[in-house]
Amino acid sequence: MYPIVLTNLAQQRCVVVGGGAVAERKVAGLITGGANPIVISPQLTPQLQHWQASNQIQHLAREYQFGDCEAAFLVVAATNQRLVNQQIAHECHNRPILLNIADAAEEGNFITTANHRQGSLLFSVSSSGASPALSRYLRQQLSNYFDQRYATLAQIVAAQRAELATLTTTEREQYFDQLLVELAQQPPTLNHLPTEDL
Ligand SMILES: C[C@@]1(CC(=O)O)c2cc3[nH]c(cc4nc(cc5[nH]c(cc(n2)[C@H]1CCC(=O)O)[C@@](C)(CC(=O)O)[C@@H]5CCC(=O)O)C(CC(=O)O)=C4CCC(=O)O)c(CCC(=O)O)c3CC(=O)O
Ligand SMILES: NC(=O)C1=CN([C@@H]2O[C@H](COP(=O)(O)OP(=O)(O)OC[C@H]3O[C@@H](n4cnc5c(N)ncnc54)[C@H](O)[C@@H]3O)[C@@H](O)[C@H]2O)C=CC1
């Protein structure tokens, strides 16, 4: 496993084949990640239809055809037809395409994670395919612990990053220790955090 975070997806060609619950979940992640995915499927869930109406996705209302993955940066095969998902894997084979096959991870080159987002923070869980349900459960646990306070913490530290860079490593460590102790001890508001100590 080698985790990465994809950025700048807006101009990248992202193709999702299938329009059911699984495709919807993968599309949700892509939209959150800044993409404007092309969804190829004769049918769409109501949520996917909504995203089509608001131009958050482009919809091709037909079955997959060989050639649909041409020039794609990222492809997700999420139809309920094993053979179709396999054909998509075949088309992408030996091409520089990020490929997720929802029913046969070994035919692609990436799998998706269970994500808890909090402001600029992203907490991702993977079980490497062992138990997606466990990943989902752990994501929910993470969301209970890493609440809005941590997004605020990230904002504060980001705003002070240039200033923090002028400190020695020891000073910086002390500053973070202090922040984290405060965060652990009480539900902090902006006022509780030692922003004036720098
Ligand atoms: C390998 C992987 C490939 C990939 O999709 O990238 C994959 C594959 C498969 N999932 C299956 C089943 C389920 N998947 C979920 C849910 C999620 N699945 C996700 C990822 C992944 N699923 C990748 C591994 C990630 C990892 O291991 O951590 C999550 C994390 C992310 C996302 O999809 O966005 C998302 C939770 C999001 C969230 O809630 O945060 C649930 C639970 C539910 O839906 O409530 C079930 C039913 C319960 C169960 O089986 O556990 C099946 C059997 C299908 C069948 O039986 O037909 C296969 C096929 C197989 O195993 O071969
Ligand atoms: N990776 C994951 O997280 C999970 C994967 N799965 C797998 O994903 C598959 C899809 O699951 P669901 O979305 O629940 O199925 P679904 O039955 O709700 O949706 C299937 C979609 O595929 C479309 N489709 C069928 N043939 C097509 C074709 N030739 N070209 C384009 N689109 C086509 C249908 O119109 C439909 O929109 C399941 O068969 C299962 O094996 C299931 C659960 C979780």
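Everything numeric in this text was worked out from a predicted model, so none of it was measured.

What counts and how
Residues numbered from 1 in each chain as written. Chains lettered and ligands numbered in written order. Predicted model: local features only at pLDDT ≥ 70, side-chain atom pairs only at ≥ 80, totals over all residues. Heavy atoms only, no water. Pairing = 2+ DSSP bridges. Helix = DSSP H or I, 4+ residues; strand = E, 2+ residues; numbered from the N terminus. Axes fitted to C-alpha atoms, helices over the stretch in contact; angles between N-to-C directions. Expected span 1.5 Å × (residues − 1). Buried < 20%, exposed > 50% of the residue type's maximum accessible area, 1.4 Å probe, protein only. Arc of directions from axis to C-beta. Contact = heavy atoms within 4.5 Å. Near = heavy atom within 4 Å. Polar contact = N/O pair within 3.5 Å; in protein donor to acceptor, adjacent residues only side chain to side chain. Areas by Shrake-Rupley, 256 points an atom, 1.4 Å probe, with all protein chains shown as cover. Patch = residues over 30% accessible without salt bridge, like charges linked within 9 Å, V, L, I, M, F, W, Y side chains within 5 Å. Salt bridge = Lys/Arg side-chain N within 4 Å of Asp/Glu carboxyl O. Parallel < 35°, antiparallel > 145°, perpendicular 65-115°, else oblique. Left-handed = near helix turned anticlockwise from the far one by under 90°. Nonpolar A, V, L, I, M, F, W, Y, C, P; charged D, E, K, R; others polar.

Engineer: Please provide a residue-by-residue account of the sheet that holds strand β3 (residues 58–60), values included.
Structural biologist: Neighbouring strands of a sheet are bound in pairs by backbone hydrogen bonds; such pairs are parallel or else antiparallel. With parallel pairing, five strands are arranged side by side in an open sheet as β3-β2-β1-β4-β5. Each edge of the open sheet carries a strand with a single partner, namely β3 and β5 (98–101). Neighbour to neighbour, the strand axes of the sheet diverge by 15° on average, direction disregarded. Pairing geometry for strand β1 (residues 14–17) and strand β4 (residues 74–77), over four bridges, is parallel. Across the sheet, the residue bridging to C14 is L74, located in β4.

Engineer: Requested: an account of helix α7 (residues 169–185), with residues and values cited.
Structural biologist: Along its 17 residues, α7 runs 24 Å from first to last C-alpha, staying within 8% of the 24 Å computed at 1.5 Å per residue. Of all the positions in α7, only Y175, L179 and L183 are classed as buried. Down the axis of α7, the buried set is contained in an arc of 70°. They therefore lie on one face. In α7, the exposed positions angled more than 90 degrees off the buried face are occupied by Q174, D177, A184 and Q185. As for α7, its buried residues are in contact with α5 (148–159) and α6 (161–164).

Engineer: Describe the site of ligand 1, and please don't skip the residues or the numbers.
Structural biologist: Around ligand 1, 20 residues are found, and the nearest of them are K26, S127, S135, R136 and R139. Note that an oxygen atom of ligand 1 is positioned 2.5 Å from one of the side-chain N or O atoms of S127. Within the side chain of S135, an N or O atom sits 2.5 Å from an oxygen atom of ligand 1. For ligand 1, the accessible surface in isolation is 1,100 Å², of which the surrounding protein chains cover 65%. Within the residue set of the shell around ligand 1, elements represented by two or more residues are α1 (21–32) and α4 (132–145). With five residues, α4 is the single largest residue contributor to the shell around ligand 1.

Engineer: Tell me what's going on with the side chain of N85, and back it up with residues and numbers.
Structural biologist: Mapped onto the secondary structure, N85 falls in helix α3 (residues 82–92). At 2.8 Å, the side chain of N85 forms a polar contact with the side chain of T79. Apart from the residues lying within four places of it in its own chain, the contact partners of N85 are A77, A78, T79, I101, D103 and E107.

Engineer: Please provide a residue-by-residue account of a nonpolar patch on the surface, values included.
Structural biologist: Taken together, the side chains of Y2, I4 and L6 make up a nonpolar region of the molecular surface, amounting to roughly 370 Å² of accessible area. With respect to the helices and strands, Y2 occurs in the segment before β1.

Engineer: Quick rundown of the packing of α5 against α7? Include the residues and the values.
Structural biologist: Closest axis-to-axis distance for the α5/α7 pair is 12 Å, and the angle between their directions is 155°. One finds that α5 runs roughly antiparallel with respect to α7. When the axes of α5 and α7 are compared, the crossing they make is right-handed. Contacts between α5 and α7 involve R149, Y150, L153, I156 and V157 on the former and, on the latter, Y175, F176, L179, L180 and L183. Residue composition of the contact of α5 with α7, by class: nine nonpolar, no polar and one charged.

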